[in-house]
Protein chains: 2
Amino acid sequence: MENTLVERYRKLNNLHLEQLGKGVTDDHLIWLQVQTRQSRIRIVEAARTRIFLEDRIINKPDRLVREDGYIGQEFDLDIPAGISLSIEKTVSLYNSRDLAISESCLEACDALRRRKNFEQMLTLHEIAWKHLWQRWGMSMETNSRRIEQVHNLHVFHLLQSASPNTVGLDVGVPPRGLHGEAYRGLIMWDELFIMPLFNLRIPDISQGLLMYRYRRLPRACSAAEEQGYRGAMFPWQSGSNGEEQAQTLHLNPESGRWIPDNTQLQRHINIAIAYNIWQYFQVSGNVDFISFYGAELFLKIVRFWTSKAEFNRELDRYEIRGVMGPDEFHDKYPEADKPGIDNNAYTNVMVAWILARALEMLDMLPQNRRRFIMEDLSLSEEELSHWDEMSRKMKLVFHDNDIISQFEGYGDLKEFDWEHYKKKYGDIQRLDRILEAEGDSPNNYKLSKQADVLMLFYLFSSDELHMIFERLNYPFDAESIPRNIEYYSSRTSHGSTLSRIVHAWLLVRSRRKESWKLFRQALESDIEDIQGGTTHEGIHLGAMAGTVDMILRCYSGIETRDNALWFNPRLPKEIRSLNYCIEYRRNRLRVDISPEFLELQLQDDARQSLRAGFRGETFSLRPGERKKLKL
Amino acid sequence: MENTLVERYRKLNNLHLEQLGKGVTDDHLIWLQVQTRQSRIRIVEAARTRIFLEDRIINKPDRLVREDGYIGQEFDLDIPAGISLSIEKTVSLYNSRDLAISESCLEACDALRRRKNFEQMLTLHEIAWKHLWQRWGMSMETNSRRIEQVHNLHVFHLLQSASPNTVGLDVGVPPRGLHGEAYRGLIMWDELFIMPLFNLRIPDISQGLLMYRYRRLPRACSAAEEQGYRGAMFPWQSGSNGEEQAQTLHLNPESGRWIPDNTQLQRHINIAIAYNIWQYFQVSGNVDFISFYGAELFLKIVRFWTSKAEFNRELDRYEIRGVMGPDEFHDKYPEADKPGIDNNAYTNVMVAWILARALEMLDMLPQNRRRFIMEDLSLSEEELSHWDEMSRKMKLVFHDNDIISQFEGYGDLKEFDWEHYKKKYGDIQRLDRILEAEGDSPNNYKLSKQADVLMLFYLFSSDELHMIFERLNYPFDAESIPRNIEYYSSRTSHGSTLSRIVHAWLLVRSRRKESWKLFRQALESDIEDIQGGTTHEGIHLGAMAGTVDMILRCYSGIETRDNALWFNPRLPKEIRSLNYCIEYRRNRLRVDISPEFLELQLQDDARQSLRAGFRGETFSLRPGERKKLKL
């Protein structure tokens, strides 16, 4: 087996498995065992072949075929005319990290012996999918069956990558799923686009993903310490042991030059993890997880930011210098020697937000857990007061009146001649490569690869943003939102599949036609391979989750904040109704949305009432209660 | 490393590790890597040595010592007179099944680099133990400090074997702890004596132990199927993959003969697992665990019993034939060819009880989970009616009026001449070996190695037993209890350390002096090695848990049933007061007991009221509420 799906990796070492052995058992099972070269994980594949011919079951082959890295069986059969023949081949796969095993090779063979036949396995498979589908089902009336079909395809791929079967394993969600070769299976920030969706469907999967981070917390703390910081600094591209594996050089295929790669300055990966902990907590209400794991993870991330930020006495504000925002087109200032930009708005706002949430989280814990955690982290009340102050004093920069500057100095950059480049190059998604090949750099211009400031409008509703800006004591009125969206939308090349999701989300209420168009493009990302060849390298899991989440959270206007489940539905005209169930605080809620009505029904045997919110008011829904709201 | 602690295993293969390699890193860390021979788990030990001499830190040795299976470092030092020298040696241990690792050898070395110094590690260690101790602390006024000291020793050993650190790992509790060699680390029924205690202290540990069983459920189902049964048949001695590893022959050192070993007919291991699921559910109230894992495990165990039991139309009763009860002295009838005894009272009563609990559990689940589970197991309402019927019709046999026969035919066995054998042999704990050497067998007599019928009185209060017998429609009055206890106590050799715990528990209210004596003996089991050499083979974890649980549950009269936490304290006169905290339904309850009063206080910030029970009545305790009850 060679890893050859990504063309630009083909000249690199792509043999990751070494053979350990192969063989055949007395009962005619064949097996092949390999080992990963670096991590030395053993993997075994075993196979049983049975031929059903009239009354006979034939499992003894006539010949065994052994070749290098290969084992097979050949059967010679006389088949009378008019007789049907069935061949059943059952394959089992085990690895040395599987649970409840003795030795992986023995286990793989034994698993085959314990499986009776295809029908039995099919039945179990069908029941498992039926139950998954009952939790993930989305019934919709649309103008095109394509939407529902692709939605279901995306749910299928999400559940191939993270499912009840992965909850107990030590696995994260790689950006290209479990089988995509691009990004080499490293774990990045894609879970920011995936977990909020899983929270409302199967929250245990989210918890499993957070545990993956929790287990790598000691490594993240060491990484912070090595750079002179406190707390936890998670890597931008996380390897199996949680170590930073982001490249430090990358090849520009346009120019043939190797360029310094500063992407690991995207310290905002820390923010994505903290945001997800909070969202999971809001949806699941799982105080135990927070008490024993979540709070420690959250607070150590917060502590990193308090050591990373610097106080500017003159301004009475805290600043964060030398980072990168989500927009990978800006990794330094024009003419600067050192990489990094200062006061990235996304980073600074999110840091202010997580600082405030940290204090709230500690207050929500049982007293004795709070005390344990404070002692574990040697966290003092003084440090908490400092956090409170910082949460009110993070610095933001504005330009052109109320445009939030992507980072300090963004307003001074040159405008980019979009028309000229579109004419000259056609596809300008990867302007970084184009400009570098011309001896220029995106660092010189007001342009983005993907949403950066606009991520704030994706993650927060305008109500919530308003509260955040108020706490920061920066003026920000409702009309600024469309102006900021307009400003940055028109300066984005959409060099990432995630960017379309974010923009479709933001424009859903103001520029509905454009939003629908971006949504449809995002929906086709993989099935139509819209980037022209990247699907071959692996599915785009974030974009898949994003489109499913557009239909679920965005069109329903679902927000999970302040211990309530908020709705604010607005269906696009192409979708006439949505009907689905979600899980909130371990209760099941049925939701029906039409252009005129929102209808909610809490399951009969819910363990407690559910707090819902609609148009600024919250209300309680009792077990079994049905509520119909006029839109 | 050789496994030589158990004398009778010494002639067996005791080399379980093979060397893979050893080496030294550029920064002077040394490492040694081995692999287990059968399961091929790699284990790495790495070490860093630093010498602190005046202002210098010396970490570069003068010589490296490499021998077969050994690596070391030698330092030559000139130490001026009057100067103090510190040597710090830090060791890390990793294995190939650890989580969040890349490759175990790299990880072991890297872990050393990330540890600063001894003081830092000591501080973390102390905080961790402080927090464990705050959850497990038991303050008591006694007539002897020894009791508290040995109690603490036992808690320490329990937490060495199962702790918050093992929750996420795939490990069970072996009878002799993680380091004892006896029973070779196989997992047996000891958790029946351990988990009820953990439930009230750190319920997550119990959940981890149940997950260990859940992961081995497919194997248990195959085992049942192979013998023609439905559902799950867990092994008496469970190997790493959940396969039966009980010996089929054992050596009688008294006679030098190899004797058939039928212990694997102890199908009641299944009952212990089901009992523990129910107890965990009662204490934790964790509906999610039950919904996704616990109920499936429980119901598949129940289904095994329904296929194992046979209906006797004449009696209109269900019978279970060919098993062994907890008493290992009876593995067949006198003169019988086949092993196994019929209608073991412990087994039959427990089966009736778990059948009733299965129906109750299904009713407590949210509707949609109940539906999923019914579909997963293809469980019909008809099958459930059958379970209900069985739960009322299990057969019990009595003799001598109201003595519950240990099994059908027990009453016909010969009485044993205890005085004669005590005089002849002194220590008669292992009467099985003594009688076999004489050409006789314990199967011929009314005698037990350990509690069997009496296990029922250990697991259930008289109130609960009364309800069980009523449901079974067998007459059983309160006075029968002391008669049964007296009958079987006087016919038990206490060949297991667990037996003393059970008897001490049963006699606590009726024969207080005798109970205290047995408790004190059980307390000394390991620290005084009362079996004369078995402690060397590994601690007796069940007995350790049992003594801690005597002080916690037995002297407090704690029961967790019918969704309430019941108390019925009765301190032995040697203990003047007990004060401790327990966790119940995720709330923390402070308990103070003196001979005159029981005082309960629910933590201030409890999430909900707690339902407590006392003298047949239940009452609600609000967050922060304190309640003083006269005894």
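Structure: see above.
Residues numbered from 1 in each chain as written. Chains lettered and ligands numbered in written order. Predicted model: local features only at pLDDT ≥ 70, side-chain atom pairs only at ≥ 80, totals over all residues. Heavy atoms only, no water.

**Section: the relation of the copies chain A and chain B**
Here chain A sits on chain B after a turn of 180 degrees about the axis and a move of 0.0 Å along it, with an RMSD of 0.0 Å. In symmetry terms, the pair is related by a two-fold rotation axis. Among all residues of chain A, the minimum C-alpha distance to the rotation axis is found for Arg97 of chain A, at 2.8 Å. Take the interface residues of chain A: 100% of them recur as interface residues in chain B, which is what a same-surface contact looks like. (Least-squares fit on C-alpha atoms with pLDDT ≥ 70 in both. Contact = heavy atoms within 4.5 Å.)

**Things to note about helix 2 (residues 118-136) of chain B**
Residue and element names in this part refer to chain B. The terminal C-alpha atoms of helix 2 lie 26 Å apart, and with 19 residues this matches the ideal 27 Å at 1.5 Å per residue to within 8%. Inspection of helix 2 places Ile127, Trp129, His131, Leu132, Arg135 and Trp136 among the buried residues, and these make up the whole buried set. The N-capping residue of helix 2, defined by a side-chain oxygen 3.2 Å from the backbone nitrogen of Glu119, is Asn117. (Helix = DSSP H or I, 4+ residues; strand = E, 2+ residues; numbered from the N terminus. Expected span 1.5 Å × (residues − 1). Buried < 20%, exposed > 50% of the residue type's maximum accessible area, 1.4 Å probe, protein only. Polar contact = N/O pair within 3.5 Å; in protein donor to acceptor, adjacent residues only side chain to side chain.)

**Points about the pattern of salt bridges**
On inspection of all chains with the given rule, the structure shows 115 salt bridges over all chains. A salt bridge links Asp204 of chain B to Arg586 of chain B, with the nearest nitrogen and oxygen atoms 3.2 Å apart. A residue pair is termed long-range when its members are at least 10 positions apart, and Asp204 of chain B in helix 5 (residues 203-215) and Arg586 of chain B in the loop between strand 17 (575-584) and strand 18 (587-593) qualify at 382 residues. For the pair formed by Asp204 of chain B and Arg586 of chain B, the shared burial category is buried. A network of salt bridges, in which partner residues are shared, links Asp27, Glu107, Asp110, Arg113 and Arg114 of chain A together with Arg219 and Glu243 of chain B. (Salt bridge = Lys/Arg side-chain N within 4 Å of Asp/Glu carboxyl O.)

**Remarks on the packing of aromatic side chains**
Within the structure shown, the criterion is met by 61 aromatic pairs over all chains. When the centroid spacing of 6.1 Å and the interplanar angle of 55 degrees are considered together, the rings of Trp129 of chain A and Trp133 of chain A count as tilted. Taken as a pair, Trp129 of chain A and Trp133 of chain A lie in helix 2 (residues 118-136) at a separation of 4 residues, close to a single helical turn. Judged by centre distance (5.0 Å) and plane angle (75 degrees), the rings of Tyr487 of chain B and Tyr488 of chain B are edge-to-face. Ring-pair connections join several aromatic residues into one group, and the members of that group are Trp189, Phe193, Trp236, Tyr458 and Trp505 of chain A. Lying over the aromatic face of Tyr9 of chain B, Arg184 of chain B brings its terminal NZ or CZ to 3.8 Å of the ring centre. In this arrangement the basic side chain of Lys630 of chain B is found over the ring face of Phe597 of chain B, its NZ or CZ atom lying 5.5 Å from the centre. (Phe/Tyr/Trp six-rings, centres within 6.5 Å; stacked < 30°, edge-to-face > 60°. Lys NZ or Arg CZ within 6 Å of the ring centre and 35° of its normal.)

**Focus on the sheet that holds strand 22 (residues 626-630) of chain B**
All names here are of chain B. If you trace the 5 strands from one edge of the open sheet to the other, you get 8-17-18-19-22, paired in antiparallel fashion. Each end of this open sheet is capped by a strand with a single partner; those strands are strand 8 (138-142) and strand 22. On average, each strand axis in the sheet is inclined to that of its neighbour by 15 degrees, with strand direction left out of account. Where strand 8 meets strand 17, 5 bridges bridge the pair, whose relative direction is antiparallel. Within strand 17, the residue paired with Ser139 across the bridge is Asn579. Sheet strands in contact with helix 19 (residues 541-556) are strand 8, strand 17 and strand 18, and its direction is about 95 degrees off that of strand 17. (Pairing = 2+ DSSP bridges. Axes fitted to C-alpha atoms, helices over the stretch in contact; angles between N-to-C directions.)

**Focus on the interface of chain A and chain B**
Contacts between the two partners involve 56 residues from chain A and, on the opposite side, 56 residues from chain B. When chain A packs against chain B, close to 4900 Å² is buried across both sides, 38% of that on carbon and sulfur atoms. At the junction of chain A with chain B, the criterion picks out 16 salt bridges. In this structure, the salt-bridge partner of Arg40 of chain A is Glu103 of chain B, at a minimum N-O distance of 3.6 Å. At the level of elements, strand 2 (30-36), helix 1 (104-114), helix 2, helix 5 (203-215), helix 6 (217-226), helix 8 (287-308) and helix 10 (367-376) of chain A are the ones that each hand at least two residues to the side of chain A that touches chain B. Examining the composition of the side of chain A that touches chain B, we find that 7 residues originate from one element, helix 10 of chain A, more than from any other. In terms of residue class, the side of chain A that touches chain B is made up of 13 nonpolar, 14 polar and 29 charged. (Buried area = accessible area lost by both parts, 1.4 Å probe. Nonpolar A, V, L, I, M, F, W, Y, C, P; charged D, E, K, R; others polar.)

**What to know about the sheet that holds strand 15 (residues 559-561) of chain B**
Residues and elements named next belong to chain B. Taking strand neighbours across the sheet as the criterion, the 4 strands line up as 15-16-20-21 in an open arrangement whose pairing is mixed. Looking at strand neighbours, the two that pair on one side only are strand 15 and strand 21 (617-621), the edges of this open sheet. Each strand axis lies, on average, 30 degrees off the axis of its neighbour in the sheet, ignoring direction. Judged from the 3 bridges that link them, strand 15 and strand 16 (residues 564-567) form a sheet pairing that is antiparallel.

**Things to note about unusual backbone geometry**
Residues and elements named next belong to chain A. The backbone of Arg184 shows a phi angle near 55 degrees, a positive value even though the residue is not glycine. For Arg184, a relative accessible area of 52% puts it in the exposed group. The phi dihedral of Asp316 falls on the positive side, at around 60 degrees, and the residue is not glycine. The exposure class assigned to Asp316 is partly exposed, which follows from its relative accessible area of 35%.

**Some points on the environment of Ala345 of chain A**
All names here are of chain A. Turning to its location among the elements, Ala345 is positioned in helix 9 (residues 345-364). Considered as a pair, Ala345 and Ala543 are 198 residues apart in the sequence and their alpha carbons are 24 Å apart. Apart from the residues within four sequence positions on either side, Ala345 is in contact with Leu396, Ile404, Ser405, Gln406, Val453 and Leu456.

**Structural notes on helix 5 of chain A**
Its 13 residues give helix 5 of chain A an end-to-end C-alpha distance of 19 Å, which sits within 8% of 18 Å, the value for a rise of 1.5 Å per residue. Of all the 13 residues making up helix 5 of chain A, 11 are buried; the element is thus mostly covered by neighbouring parts of the structure. Along helix 5 of chain A, the positions that sit buried rather than exposed are Pro203, Asp204, Ile205, Ser206, Gly208, Leu209, Leu210, Met211, Tyr212, Arg213 and Tyr214 of chain A. Residues of helix 5 of chain A that are buried in the fold lie against helix 4 (191-201), helix 6, helix 7 (269-284), helix 8 and strand 17 (575-584) of chain A together with helix 8 (287-308) of chain B.

**Focus: the side chain of Thr560 of chain B**
Residue and element names in this part refer to chain B. As for its placement among the helices and strands, Thr560 is situated in strand 15. In this structure Thr560 comes out as buried when scored by relative accessible area, which is 9%. Dropping the residues within four chain positions of it, Thr560 is found in contact with Leu200, Gln279, Gln282, Val283, Leu565 and Tyr584.

**Here's the deal with the environment of Asp331 of chain A**
Residue and element names in this part refer to chain A. Following the sequence through the fold, Asp331 ends up in the loop between strand 12 (317-319) and helix 9. Separated by 68 residues in sequence, Asp331 and Thr263 have C-alpha atoms that sit 7.4 Å apart. Within the structure, the side chain of Asp331 is placed 2.9 Å from the side chain of Asn262, a separation counted as a polar contact.

**So, the packing of helix 5 of chain B against helix 7 (residues 269-284) of chain B**
Residues and elements named next belong to chain B. Axis separation between helix 5 and helix 7 bottoms out at 11 Å; the angle between their running directions is 145 degrees. The chirality of how helix 5 crosses helix 7 is left-handed. Residues Pro203, Ser206, Gln207, Leu210 and Arg213 of helix 5 pack against Ile269, Ile273, Asn276, Ile277 and Tyr280 of helix 7. In terms of residue class, the contact of helix 5 with helix 7 is built from 6 nonpolar, 3 polar and 1 charged. (Left-handed = near helix turned anticlockwise from the far one by under 90°.)

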